[in-house]
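Chain residues, written in single-letter form:
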Amino acid sequence: MSNQKTPVGAFATLVVIFFFWGFVAASNDILIPVFKEALNLEQWQSQMISFAFYVAYTVGAAAYFIASKINGKDILNKIGYRNGLALGLLISAAGTLLFIPAANNASFPLLLGGLFIVGLGFALQQTAANPLAIVMGDPKQGSQRLSLAGGVNNVGTTIGPVIIAIAIFGSASGSGETALSLSNVKTPYLILGAAFLLAAAMFKFSSVPDQINLEDSSEKSHPNDHSVEKAKSVFSYPNLTLGMLAIFCYVGVEVSTASNLPEFMKEHTGINSSGIAPYVSLFWGSLMIGRWTSAAGAFNISKTTKLVLNVVLPFVAFGIFILANYLGGHDLGPFKYYWIFIIGLIVLDYLSGGKPARQLLIYSLSAIVALIFGIYSEGMTAAFAFISVGLFCSTLWPCIFTLGITGLGKATNEGSSLLIMMICGGGFISLLQGHLASPEYLGIQNSYWVGVACFAYLAFYAFKTRNLETGEMQGGH
């Protein structure tokens, strides 16, 4: 887009779709302990919920990439971005229909099938929406706009577990009526499916750009880089190829940290499945807190106002978490000191200066410290250490995604689909951690060393891309 000013109305419409992604992704963490207990699954088997959902991203993105190659033209540029978003929403709506027989028959395969189809739709939506968010305004603020959209995503991740928990446990909490709990699973997902259909109609007739000038956006974000002309293949860009593994590790550690949290809390704090929701909600709420902390940079406002918002917005986000869980009837006492973590995050955000590579490095190293502290601590202290990882995961997606597609020009959508393909890390790494969490291997607490390894690679990627913003790349073309 040639216009440097963000079209507020169109951008506000676009971020609605980010809410849906968050709602479903976080709600999966409530389904995991429910189906594990109802069907007597092993921990690794319960992680198949995450696996089915996130592997669908790979299948969907791979199909998009291959179809674009066969057609000789990028699919989104051919059918239009609005049509692409609408089609993705229709596919996801179709997936929610499988929750009816899955819940009625306590069928784990049908549940996995439904989540897989929902994920397929999300793959197309993500391929379109992420580049749109980056180019809808000043390219220099692309990662911060994506952080802002991610903040809306995390409103969904924060309230999703609370709403799903109420739907499942509301009438059967503590009664032991597992069948009734599974039957209750279908209602919120059918409502979500209806919302997908409404959103599809909304995008079809919205003012969201139907085409974007990828060459123009690349030039603005990377004016001194002539790699667009020189590169023979999308794989010629090291920031993209290394970024693919970075997305794999990032989504993997984010999902596995949250999806294994219920089992950790059950074993080490004595909290049962019906009481897990606020803690899962806080993990995902921490991503919202972190993204809102960085969101002020997306606005063309004075430096002083930005500094004020950098302090105010994270506490507003925390207030949303508090309100959601208060309305859900949960005890808020355990969370009264979490503001200390938020202050620490605000300081780290300030030190990052809004630069993607620097922020990626600082947050990855901080997450490593939090995970190691959790591994060697006990009870609720360890639980909050693991939950705080959500703060450091918060802006890593926009940082990696922005660094990954910088300078790709016409290959931007292909690069975007390749990055979306690597969301499957959320399935593979959560499955790996779930397997290692078995007592005969590492156990649930020591299984979090998997997350340490993931963040170590992310720190490496930050180091490799540290000069990208000035048109250079370590190990370049």
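Residues numbered from 1 in each chain as written. Predicted model: local features only at pLDDT ≥ 70, side-chain atom pairs only at ≥ 80, totals over all residues. Heavy atoms only, no water.

**Considering the overall build of the protein chain**
The secondary structure content of the protein chain amounts to 24 helices and zero strands. Taken over 477 residues, the protein chain has a buried fraction of 62%. Surface summary for the protein chain: the accessible area is close to 17400 Å², and the carbon and sulfur share equals 65%. (Helix = DSSP H or I, 4+ residues; strand = E, 2+ residues; numbered from the N terminus. Buried < 20%, exposed > 50% of the residue type's maximum accessible area, 1.4 Å probe, protein only. Areas by Shrake-Rupley, 256 points an atom, 1.4 Å probe, with all protein chains shown as cover.)

**Section: unusual backbone geometry**
The phi angle at Asn 40 is positive, at roughly 55°, despite the residue not being glycine. The residue Asn 40 is located in the loop between helix H1 (8-39) and helix H2 (43-46) in this model. Positive phi, normally seen in glycine, also occurs at Ala 106, with a value near 50°. Of the residues examined, Ala 106 reaches a relative accessible area of 32% and is grouped as partly exposed.

**Some points on the side chain of Asn 260**
For Asn 260, the position within the fold is in the loop between helix H13 (238-259) and helix H14 (261-268). Take Asn 260: its relative accessible area is 0%, and that puts it in the buried class. Within the local environment of Asn 260, its side chain forms a polar contact with the backbone oxygen of Ser 256, the two atoms lying 3.0 Å apart. Setting aside anything within four residues of it in sequence, one finds Asn 260 in contact with Gln 43, Gln 47, Ser 430, Gln 433, Gly 434, Ile 444 and Tyr 448. (Polar contact = N/O pair within 3.5 Å; in protein donor to acceptor, adjacent residues only side chain to side chain. Contact = heavy atoms within 4.5 Å.)

**A word on the packing of aromatic side chains**
Taken as a whole, this structure holds 30 aromatic pairs when the rule is applied. Arranged with centres 6.1 Å apart and planes meeting at 70°, the rings of Phe 335 and Phe 384 form a pair that is edge-to-face. Of this pair, Phe 335 sits in the loop between helix H16 (303-327) and helix H17 (339-352) while Phe 384 sits in helix H19 (residues 379-393), and the two are 49 residues apart along the sequence. The burial state of Phe 335 is the same as that of Phe 384; both residues are buried. (Phe/Tyr/Trp six-rings, centres within 6.5 Å; stacked < 30°, edge-to-face > 60°.)

**Brief notes about the confidence of the model for the protein chain**
For the protein chain, per-residue confidence averages 83 on the pLDDT scale, and 87% of positions sit at 70 or higher. Taken as a whole, residues 171-180 scores under 50 in pLDDT and shows seven contacts with residues more than four places along the chain or in a different chain. In the model, residues 216-229 has pLDDT below 50 throughout and makes 25 contacts with residues more than four positions away in sequence or in other chains. (pLDDT = per-residue confidence, 0-100.)

**Remarks on a nonpolar patch on the surface**
Among the surface-exposed residues, Leu 307, Tyr 337, Trp 339, Ile 340, Phe 341, Ile 343, Val 347, Tyr 350 and Leu 351 lie close enough to one another that they form a single nonpolar patch of about 920 Å² accessible area. Top element by residues in the nonpolar patch is H17. It accounts for seven residues. Counting through the fold element by element, Tyr 337 comes out in the loop between H16 and H17. Owing to a relative accessible area of 54%, Tyr 337 belongs among the exposed residues under this scheme. (Patch = residues over 30% accessible without salt bridge, like charges linked within 9 Å, V, L, I, M, F, W, Y side chains within 5 Å. Salt bridge = Lys/Arg side-chain N within 4 Å of Asp/Glu carboxyl O.)

**Quick look at the packing of helix H3 (residues 48-71) against helix H21 (residues 412-421)**
Contact pair H3 / H21: the axes reach a minimum separation of 7 Å and the direction vectors enclose 155°. Regarding the angle of H3 to H21, the classification is roughly antiparallel. As for the relative orientation of H3 and H21, their crossing is left-handed in sense. Where H3 approaches H21, its residues Tyr 57, Thr 58, Ala 61, Ala 62, Tyr 64, Phe 65 and Lys 69 are matched on the opposing element by Asn 413, Glu 414, Ser 417, Leu 418, Ile 420 and Met 421. In terms of residue class, the contact of H3 with H21 is made up of eight nonpolar, three polar and two charged. (Axes fitted to C-alpha atoms, helices over the stretch in contact; angles between N-to-C directions. Parallel < 35°, antiparallel > 145°, perpendicular 65-115°, else oblique. Left-handed = near helix turned anticlockwise from the far one by under 90°. Nonpolar A, V, L, I, M, F, W, Y, C, P; charged D, E, K, R; others polar.)

**Comments concerning the pattern of salt bridges**
By the definition in use, this model includes three salt bridges. Residue Lys 266 pairs with Glu 37 through a salt bridge whose shortest N-O separation is 3.9 Å. Of this pair, Lys 266 sits in helix H14 while Glu 37 sits in helix H1, placing them 229 residues apart in sequence. The class for Lys 266 is partly exposed, based on a relative accessible area of 43%. With relative accessibility at 40%, the residue Glu 37 sits in the partly exposed group.

**A closer look at the environment of Thr 402**
For Thr 402, the position within the fold is in helix H20 (residues 396-405). For Thr 402, a relative accessible area of 13% translates into the label buried. Taking the C-alpha atoms as reference points, Thr 402 and Ala 357, 45 residues apart in sequence, are found 9.7 Å from one another.

**Details of H17**
A rise of 1.5 Å per residue sets the reference length of H17, with its 14 residues, at 20 Å; its end C-alpha atoms lie 20 Å apart and thus fit the reference within 8%. Every buried residue of H17 is accounted for by Ile 342, Leu 345, Ile 346, Leu 348, Asp 349 and Ser 352. Down the axis of H17, the smallest arc covering the buried residues is 165°, so these residues share one side. Among the structural elements, helix H15 (277-295), H16, helix H18 (356-375) and H19 are those in contact with the buried residues of H17. A positive backbone phi angle near 65° is found at Gly 353, which sits one or two residues after H17. (Expected span 1.5 Å × (residues − 1). Arc of directions from axis to C-beta.)

**Observations concerning the packing of H13 against helix H22 (residues 425-436)**
Where H13 meets H22, the axes come as close as 7 Å, and the angle between the chain directions of the two elements is 50°. The angle between H13 and H22 places the two elements in the oblique class. The way H13 lies across H22 gives a crossing that is right-handed. For the pair formed by H13 and H22, the contact residues are Phe 248, Cys 249, Val 251, Gly 252, Val 253, Val 255, Ser 256, Thr 257 and Ser 259 on the first element and Gly 425, Gly 426, Phe 428, Ile 429, Ser 430 and Gln 433 on the second. When its residues are assigned to classes, the contact of H13 with H22 shows seven nonpolar, eight polar and no charged.

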